[in-house]
Amino acid sequence: MILCCGEALIDMLPRQTTDGGNAFAPHAGGSVFNTAIALGRLDAPVQFFSGLSSDLFGDILRAELTASGVDSAPAAISDRPTTLAFVTLTNGHASYAFYDENTAGRMLSQDDLPQTQADALFFGGISLVVEPCGAAYEALMLREAATRVTMIDPNIRPSFITDEAAYRARLTRMLGAADIIKTSDEDLDWITGGTDAAALFDTTAAKVILLTRGADGVKVLTPDNQFDVAAEKATVVDTVGAGDTFSAGFLAQMHRSGHLTKATLSDASADDLRKAAAFGAKVAAITVSRAGANPPWASEL
């Protein structure tokens, strides 16, 4: 079982009305939510932990989780509102304006943390930036990291960060505890001020680092090896959810190969990791070929 821990929100995606006017359409989203949805659609056993609202947008999120085969039982339900993210696209690349004050996701606390029997836990996204939810997710990761595989994808959104020093300190602690670190080249530059992903081994106990570079593919690094995995060719409609889907594909394949437990992760060979990264690239290519975060189903592959 894989437990995805992080934000669920409504992406308000830009659309045009029938008379040519501008509008926004609500779609279920959020970085960690997208990863959970993708895992469910790939037939991986997955649960989702977040703060979810009982409002109409929360109903949309829970319905999407159920429809995609994701168990949302660990989530904390409240009557606070759902986080909204208004999306604008420039040459297919997304930027976001977040509305997150006093929301169900934002106000998640350490009192809401679930007990879990999951083999692996996945963290990331904007949920690590703000309080009190950021402290809750950090506490969950540090509580479980000694006995379960933990993966983190920071997925930096600079416009959402109000206390950079506190956020950097949290990332340092969580990256330090993670078994698997996934980062884009842009995020790596923000985190370290450079492009050398191998430098993360000096400050973390990571066993695998995945550096995604868009059309240039993925660099897979271990403490004693590194290699490149090519990106799948795709006609890009937009990049919403691409990295989230890659993470899901990687986790799904590692689960299938039996290497997603604390005892077996270190036994994964270069070939095992190459197959997992290639599968992540394959499912991400399908996601970018259609509008919004719409990961593929196993039947589409």
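Anyway, here's the lowdown on the structure attached to this text. (Residues numbered from 1 in each chain as written. Predicted model: local features only at pLDDT ≥ 70, side-chain atom pairs only at ≥ 80, totals over all residues. Heavy atoms only, no water.)

## Comments concerning the overall build of the protein
When helices and strands are tallied, the protein shows 7 helices and 14 strands. Taken against the 2.2 N^0.38 rule, which gives 19 Å for 301 residues, the C-alpha radius of gyration of the protein at 18 Å falls within 12% of a compact globule. If you line up the protein on its principal axes, its C-alpha atoms span 55 × 45 × 40 Å. A buried classification covers 55% of the 301 residues belonging to the protein. Long-range pairs, those at least 24 residues apart, make up 70% of the contacts in the protein between residues at least 6 apart in sequence. (Helix = DSSP H or I, 4+ residues; strand = E, 2+ residues; numbered from the N terminus. Rg over C-alpha atoms; globule rule 2.2 N^0.38 Å. Buried < 20%, exposed > 50% of the residue type's maximum accessible area, 1.4 Å probe, protein only. Contact = heavy atoms within 4.5 Å.)

## Re the pattern of salt bridges
If you walk through the whole model with that rule in mind, you get 17 salt bridges. Salt-bridge contacts for E164 lead to R168; the nearest nitrogen and oxygen are separated by 2.9 Å. Note that E164 and R168 are positioned in helix α4 (residues 164–177) at a spacing of 4 residues, about one turn of the helix. Residue classification places E164 among the partly exposed positions, given a relative accessible area of 40%. (Salt bridge = Lys/Arg side-chain N within 4 Å of Asp/Glu carboxyl O.)

## Focus on the packing of helix α1 (residues 31–41) against helix α2 (residues 56–67)
One way to put it is that α1 packs onto α2 with a least axis distance of 9 Å and a crossing angle of 30°. When the interaxial angle is binned, α1 and α2 end up roughly parallel. In contact with F33, I37 and R41 of α1, α2 contributes L61, E64 and L65. Residue composition of the contact of α1 with α2, by class: 4 nonpolar, no polar and 2 charged. (Axes fitted to C-alpha atoms, helices over the stretch in contact; angles between N-to-C directions. Parallel < 35°, antiparallel > 145°, perpendicular 65-115°, else oblique. Nonpolar A, V, L, I, M, F, W, Y, C, P; charged D, E, K, R; others polar.)

## Thoughts on the pairing of strand β4 (residues 46–49)
Both faces of β4 are covered, namely the face carrying V46 and F48 and the face carrying Q47 and F49. As paired strands, strand β1 (residues 2–5) and β4 are joined by 4 bridges and run parallel to one another. Looking at β4, one finds that C4 is bridged to F48. (Pairing = 2+ DSSP bridges.)

## Section: the packing of aromatic side chains
Counting across every chain of the model gives 6 aromatic pairs. Judged by centre distance (5.9 Å) and plane angle (85°), the ring pair of F33 and F48 falls under edge-to-face. Taken together, the residues F33 in helix α1 and F48 in strand β4 connect sequence positions 15 residues apart. The exposure class assigned to F33 is buried, which follows from its relative accessible area of 1%. (Phe/Tyr/Trp six-rings, centres within 6.5 Å; stacked < 30°, edge-to-face > 60°.)

## Details of the packing of helix α3 (residues 133–144) against α4
Remark: α3 packs on α4, axes separated minimally by 10 Å, with the N-to-C direction vectors making an angle of 25°. As judged from the angle between their axes, α3 and α4 are roughly parallel. As for how α3 packs across α4, the hand of that crossing is left-handed. Only R170, R173, M174 and A177 of α4 make contact with α3, whose side of the interface consists of G134, A135, Y137, E138, M141 and L142. (Left-handed = near helix turned anticlockwise from the far one by under 90°.)

## Focus on the sheet that holds strand β11 (residues 180–184)
Ordered in space as β4-β1-β9-β10-β11-β12-β13-β14, the 8 strands form an open sheet in which the pairing is mixed. In the strand order of this sheet, the two ends are held by β4 and β14 (225–229), each with one partner. The sheet shows a mean angle of 15° between the axes of neighbouring strands, direction not considered. The strands that α4 touches are β9 (120–124), β10 (149–153) and β11; relative to β10, the one it contacts most, it runs at about 140°.

## Let's talk about the side chain of T204
The residue T204 is located in the loop between α5 (185–192) and β12 (208–212) in this model. What makes T204 buried here is its relative accessible area of 14%. Within the local environment of T204, its side chain forms a polar contact with the backbone oxygen of L200, the two atoms lying 2.8 Å apart. Of note is the side chain of T204, whose polar atom sits 3.3 Å from the backbone nitrogen of A206. Ignoring anything within four residues of it in the chain, the contact list for T204 reads L175, G176 and I181. (Polar contact = N/O pair within 3.5 Å; in protein donor to acceptor, adjacent residues only side chain to side chain.)

## Topic: the side chain of K182
By the secondary structure assignment, K182 is in strand β11. There is a polar contact of 3.3 Å between the side chain of K182 and the side chain of D153. Leaving out residues up to four positions away in the same chain, K182 has contacts with M151, I152, D153, P154, L210, T212, G243, F246 and S247.

## Things to note about α2
For an α-helix the count is 3.6 residues per turn, leaving residues at separations of three or four pointing the same way. With 12 residues, α2 should cover 16 Å at 1.5 Å per step; its first-to-last C-alpha distance of 16 Å lies within 8% of that length. Every buried residue of α2 is listed here: G58, L61 and L65. End-on, the buried residues of α2 take up no more than an arc of 60°, which puts them together on one face. Projecting away from the buried face of α2 at angles above 90 degrees are the exposed residues L56, T66 and A67. Contacts from the buried residues of α2 go to β2 (9–16), β3 (22–29), α1, β4 and β5 (51–53). With a side-chain oxygen lying 3.1 Å from the backbone nitrogen of F57, the N-terminal cap of α2 falls on D55. Phi turns positive, to about 80°, at G69, one or two residues after α2. (Expected span 1.5 Å × (residues − 1). Arc of directions from axis to C-beta.)

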